[in-house]
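For reference, the chains in residue letters:
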Amino acid sequence: EVAHLSAHPIQFGLALLVLYLVRPLFAWPISPISALVGYVLGLRYGIPVALVGATLTTIPPFLFARHAGRSGGGLFARLNDAGRRFISVTGATRGVLAARLSPLPADPVSYGAGFSGVSTRAYVLGTFLGEIPWVFVEVLAGASMRTLSTEGLSAGLHVLGASFAVAILLLAGPAYRHVQSRRLSATD
């Protein structure tokens with residue numbers, strides 16, 4: 001079926017659009033869709049298509065959580081407070097970027113950003129940049145399935161490791177400043 005769709009770009013585009021639109025409703029991972037894009041389109045066209053798709057498919061959970069965080073109480077209020085504290089330490093774009101670079105599922109990150117009141121601009125920018133290494137590896141895996149090559153996938157593991165290291169570096173400075181400010185306030 002996938003090979004058939006790859007020969008019919010309009011049908012593939014429509015099927016892909018439907019997958020990206022319904023994905024948040026079922027909390028499906030983005031990885032298999034990105035691999036499918038890589039299988040059909042290859043690296044050259046697959047990376048930009050999958051990157052835009054991965055970014056857009058995470059927006060509905062973010063917007064839902066943003067709305068629920070404002071109008072809900074109880075658990076939503078606690079999530080909102082915890083998220084706002086995290087964002088006050090890291091900054092909105094940096095916090096979303098670090099979360100996206102970390103090996104966390106897409107939807108909890110989207111909900112967390114929405115509950116914490118991150119602006120849509122900061123969310124989209126952090127998500128777009130943070131999804132780059134993941135999409136690259138997933139599209140690479142899909143593209144390598146055409147030739148049954150595992151050599152390309154093993155190169156992608158280094159990208160993921162580097163991605164996680166960058167996420168830690170992004171949070172190191174804000175975390176250090178936060179701990180220092182708490183120590184100073186405790187001694188006062």
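Further up the page is the structure itself.
Residues numbered from 1 in each chain as written. Predicted model: local features only at pLDDT ≥ 70, side-chain atom pairs only at ≥ 80, totals over all residues. Heavy atoms only, no water.

S.K.: Tell me about the overall build of the chain, and please be specific about residues and values.
M.R.: The secondary structure content of the chain amounts to nine helices and zero strands. When the elements of the chain are put in sequence order from the N terminus, they spell out α-α-α-α-α-α-α-α-α. For the chain, the residues scored as buried account for 38% of the 188 residues in total. The long-range share in the chain, meaning contacts at least 24 apart out of those at least 6 apart in sequence, stands at 77%. Within the structure as shown, the chain displays about 10,600 Å² of accessible surface, and the carbon and sulfur contribution to it stands at 70%. (Helix = DSSP H or I, 4+ residues; strand = E, 2+ residues; numbered from the N terminus. Buried < 20%, exposed > 50% of the residue type's maximum accessible area, 1.4 Å probe, protein only. Contact = heavy atoms within 4.5 Å. Areas by Shrake-Rupley, 256 points an atom, 1.4 Å probe, with all protein chains shown as cover.)

S.K.: Before we move on, could you go through the layout of surface pockets and cite the residues and values that matter?
M.R.: What the largest pocket holds in volume is close to 270 Å³. If you go around the largest pocket, you meet 19 residues; those closest to its centre are S31, L104, P105, A106 and E131. Elements supplying a minimum of two residues to the lining of the largest pocket: α6 (92-101), α7 (106-115) and α8 (120-147). Each residue belonging to the lining of the largest pocket can be placed in one class, and the counts come to twelve nonpolar, two polar and five charged. (1 Å grid on protein atoms, 1.4 Å probe; cavity = no way out; pocket = protein on both sides within 12 Å on 5 of 7 lines; lining within 4 Å. Points joined across faces, edges and corners; volume = space filled by probe spheres on them. Nonpolar A, V, L, I, M, F, W, Y, C, P; charged D, E, K, R; others polar.)

S.K.: Tell me what's going on with the packing of helix α2 (residues 9-26) against helix α3 (residues 31-57), and back it up with residues and numbers.
M.R.: Put simply, α2 and α3 touch, their axes get as near as 11 Å, and they point 40° apart. Our classification of the angle between α2 and α3 gives oblique. In this structure, α2 crosses over α3, and the sense of that crossing is right-handed. Between α2 and α3, the residues in contact are F12, L16, L19, Y20, R23 and P24 and I33, S34, L36, V37, V40, L41, V49, A50, G53, A54 and T57, respectively. Of the residues that constitute the contact of α2 with α3, the class distribution is 13 nonpolar, three polar and one charged. (Axes fitted to C-alpha atoms, helices over the stretch in contact; angles between N-to-C directions. Parallel < 35°, antiparallel > 145°, perpendicular 65-115°, else oblique. Left-handed = near helix turned anticlockwise from the far one by under 90°.)

S.K.: Which residues make up the packing of α6 against α7, and what values do they have?
M.R.: Contact geometry for α6 and α7: axes closest at 10 Å, N-to-C directions at 165°. With respect to each other, α6 and α7 are oriented roughly antiparallel. Seen along the crossing, α6 lies across α7 with a hand that is right-handed. For the pair formed by α6 and α7, the contact residues are V96, A99 and R100 on the first element and A106, V109, S110 and A113 on the second. For the contact of α6 with α7, the per-class residue count stands at five nonpolar, one polar and one charged.

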